[in-house]
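Examination of the molecular architecture
Listed below, chain by chain, are the residues.
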Amino acid sequence: MKSDELEPSVDRIHYSRNQRTLDLSFSDGLTGSLSAEFLRVFSPSAEVRGHGPGQEVLQTGKSDVQITAINSVGHYAIQLVFDDGHDSGLYSWSYLHDLTRRQPKLWREYTDRLQSAGLGRDADTQVLTFQP
């Protein structure tokens, strides 16, 4: 396999506690910022994604979540620890690259699912829709 066919790796990771964003730079030149909330609701853990198609668990009330620790997992991933206790997702470089690249589309789909379910991003908030 030629080097240009390899999966992109992360060149730089920086978490801003004030902004609650994880800034990423990849070996292929892609850069981006992912919010702690975005990373939490798109955790690759079985707790969030389930064990198969259709078993995903819609995450709600995560707008104020913070990342409290970033742990290296070999040379291929990081483990993010969130202040709500979630710590079971391993974010591979390829998964982070995909999230960064598709962030606008994924976020729109997520907020649409919340709205359809009458749920919200803020903790202890439920959105009710009435039909006259």
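Residue numbering note: each chain is counted from 1, following its sequence as written. Two thresholds apply to this predicted model, a pLDDT of at least 70 for residue-level local features and 80 or more for giving and counting side-chain atom pairs, whereas whole-chain, interface and lining totals are computed over all residues. For side-chain calculations, the full set of non-hydrogen atoms in the structure is used, while hydrogens and water are omitted.

1. Considerations on the nonpolar core
So the rule is basically this: We define a nonpolar core as any set of buried Ala, Val, Leu, Ile, Met, Phe, Trp, Tyr and Cys residues linked to one another through side-chain atoms lying within 4.5 Å. Throughout this description, buried means an accessible area under 20% of the type-specific maximum (1.4 Å probe, protein chains only), exposed means over 50%, and partly exposed covers the range between. Runs of H or I in DSSP of at least four residues are treated as helices and runs of E of at least two as strands, each being numbered from the N terminus. Working rule for contacts: check all heavy atoms of both residues, and any pair within 4.5 Å makes them a contact.
Counting residues in hydrophobic clusters, the biggest one holds 24 residues, and the most contacted among them are Leu39, Phe42, Tyr91, Leu96 and Leu99. With 7 residues, helix α3 (residues 93–117) is the largest single contributor of residues to this core. Not counting residues within four places of it along the chain, the set of residues in contact with Leu99 comprises Leu34, Phe38, Leu39, Phe42 and Leu106.

2. Brief notes about the layout of surface pockets
To keep it simple, the criterion reads: A pocket here means an open set of points on a 1 Å grid, computed over the protein atoms alone, that has protein on both sides within 12 Å along at least five of seven lines. A cavity is instead a set of points where a 1.4 Å probe fits but cannot get out; residues with an atom within 4 Å of a point line either one. Grid points are joined across faces, edges and corners, and a volume is the space filled by probe spheres set on the points. By the convention adopted, Pro, Cys, Tyr, Trp, Phe, Met, Ile, Leu, Val and Ala count as nonpolar, Lys, Arg, Asp and Glu as charged, and the other residues, Gly among them, as polar.
Considered as a void within the structure, the largest pocket measures approximately 290 Å³ in volume. Among the secondary structure elements, those contributing two or more residues to the lining of the largest pocket are α2 (46–49) and α3. Taken together, the residues that form the lining of the largest pocket break down as 9 nonpolar, 2 polar and 5 charged.

3. Thoughts on the packing of aromatic side chains
So the rule is basically this: Pairing of aromatic rings covers Phe, Tyr and the six-membered ring of Trp, with a centre-to-centre limit of 6.5 Å; geometry is then stacked below 30 degrees between planes, edge-to-face above 60, and tilted otherwise.
Evaluation of the coordinates by the stated rule reveals 5 aromatic pairs. Ring centres 6.1 Å apart and planes at 45 degrees place the aromatic pair Phe38 and Trp107 in the tilted group. Note that Phe38 is positioned in helix α1 (residues 36–41) and Trp107 in helix α3, a separation of 69 residues in sequence. Overall, Phe38 belongs to the buried group, its relative accessible area being 1%. For the ring pair Trp107 and Tyr110, a centre distance of 5.2 Å and an interplane angle of 45 degrees mean the geometry is tilted.

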